[in-house]
Amino acid sequence: MSLASDMSYSVPASSPSAAVDRDAIAEIFAQIACEAGVAVMSVYASGCAVRVKPDQSLVCDADEYAEAIILKRLGELLPQFPVLAEEAAAAGKRTVDGDAFILVDPVDGTREFLERNGEFTINIALVVDGAPVAGVVYAPALGRMWVAGRAAASCLVEPGAPPPPPQERRSIHVRRAPGQGLTALASRSHSDPRTEAFLAALPLRERRNVGSSLKFCRLAEGDADVYPRFSQTMEWDTAAGDAVLRAAGGVVIGEDDRPLRYGKAGLQFRNGPFVAWGDPNAVRA
């Protein structure tokens, strides 16, 4: 039985730019991510062939299988929102209309997936007026999910199982930056000299390398303080994690010293450099 058949949430088919029920949409994303997690973990268990896309990023069967499931379910349950997904974009679709749309990264952290370290995620986010207002980050190999609507929460859920109801999840919030030194998170697979220079200038107590959108979630949980990223990312890489962090009280600052914006069609939905902070009062230029 598909998870979609058991949905208890609905969203009015009104104008996408109208007020949306962020919590209801986040619940739909959570259900869909769990279903996609079944396909991802099936490939994870059996292995897959790897291909290199024109932008030199990697893709495997898990990306394509999960994206097909997610797009089908979104078309059934949230047809009023246009969707931009990573593999569809790689095939030439890089346009979404209107001021509200959904971003999908079916497997964020393909290198982590291929290295079998479990640090990969399924990311789905709703963007309204340039900001991610609802999102889900699901790490199926870890059985962990982070859900963001008006607030942020985490829970344990296995692929294919229904997420626990909201009242059974753990509410999460960022922490105040500790005076004895910051804990920084860095990409496990995408370091660069500018990131290293930024980190070297901070009063660090600890540095950890973490894969995929899990870095945003660690900040949102109050487990770390800062995550700089100066190498290339796309909007679908960051939107869901950004939604979780913002809902938990954190902020992602772009190179214009403002919260990171989404819907940059003129830039083909590429992000510029950014720094994610748990404590907004700790933001530094």
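For the structure itself, consult the block above.
Residues numbered from 1 in each chain as written. Predicted model: local features only at pLDDT ≥ 70, side-chain atom pairs only at ≥ 80, totals over all residues. Heavy atoms only, no water.

1. Thoughts on the overall build of the protein
When helices and strands are tallied, the protein shows seven helices and 16 strands. With 285 residues in all, the protein has 56% of them scored as buried. The contacts of the protein with a sequence gap of at least 6 include a subset with a gap of at least 24, amounting to 63%. (Helix = DSSP H or I, 4+ residues; strand = E, 2+ residues; numbered from the N terminus. Buried < 20%, exposed > 50% of the residue type's maximum accessible area, 1.4 Å probe, protein only. Contact = heavy atoms within 4.5 Å.)

2. Focus on the environment of A100
Of note, A100 is situated in strand β4 (residues 100–108). Among the residues examined, A100 registers a relative accessible area of 1% and is labelled buried. Separated by 30 residues in sequence, A100 and G130 place their C-alpha atoms 8.0 Å apart.

3. Looking at the packing of aromatic side chains
As enumerated under the stated definition, the model contains nine aromatic pairs in all. Measuring from centroid to centroid gives 5.0 Å for Y44 and F120, while their planes differ by 55°, and the two rings are tilted. Of this pair, Y44 sits in helix α1 (residues 22–46) while F120 sits in the loop between α4 (110–115) and β5 (121–128), and the two are 76 residues apart along the sequence. What makes Y44 buried here is its relative accessible area of 11%. Plain terms: the ring middles of F216 and Y227 are 5.3 Å apart, the flat faces sit at 80° to each other, and that makes the pair edge-to-face. On the criterion of sequence distance, the pair formed by F216 in helix α6 (residues 214–220) and Y227 in strand β12 (residues 226–229) is long-range, its members being 11 residues apart. The pair F216 / Y227 is uniform in exposure class, with both members buried. An aromatic cluster is built from Y44, F113 and F120, whose rings are joined through pairwise contacts. (Phe/Tyr/Trp six-rings, centres within 6.5 Å; stacked < 30°, edge-to-face > 60°.)

4. Here we look at the sheet that holds strand β3 (residues 83–85)
An order of β3-β4-β5-β6-β7-β8-β9 is seen for the seven strands of this open sheet, with the pairing classed as mixed. Of all strands in the sheet, those bounded by a partner on one side alone are β3 and β9 (170–171). Here β3 pairs with β4 via three bridges, running parallel. Each bridged residue has a counterpart across the sheet, and for A85 the counterpart in β4 is V104. Strands in contact with α1 are β4, β5, β6 (131–139) and β7 (144–148); relative to β6, the strand with the most contacts, it is inclined by about 30°. (Pairing = 2+ DSSP bridges. Axes fitted to C-alpha atoms, helices over the stretch in contact; angles between N-to-C directions.)

5. Concerning helix α5 (residues 193–200)
Within α5, burial applies to T195, F198 and L199. What you see down the axis of α5 is that its buried residues fit within an arc of 95°, all on one side. Of the residues in α5, the exposed ones pointing more than 90 degrees away from the buried face are P193 and A200. Taking the backbone nitrogen of R194 as reference, a side-chain oxygen 3.1 Å away marks D192 as the first, capping residue of α5. (Arc of directions from axis to C-beta. Polar contact = N/O pair within 3.5 Å; in protein donor to acceptor, adjacent residues only side chain to side chain.)

6. Notes on the environment of L260
Secondary-structure assignment places L260 in the loop between β14 (251–254) and β15 (270–271). Sequence separation of L260 and A131 is 129 residues, and the distance between their C-alpha atoms is 7.6 Å. In this view, L260 contacts G130, T238, D242, R246, V252, G254, N271 and F274; residues no more than four positions away in its chain are not counted.

7. Remarks on α1
For α1, with 25 residues, the first-to-last C-alpha span of 36 Å sits near the 36 Å given by 1.5 Å per residue. Here α1 lies mainly inside the structure; 18 of its 25 residues are buried. Where α1 begins, one side-chain oxygen reaches toward the backbone nitrogen of D23, 3.3 Å away; that side chain belongs to D21. Looking one or two residues beyond α1, the residue adopting positive phi is G47, at roughly 90°. (Expected span 1.5 Å × (residues − 1).)

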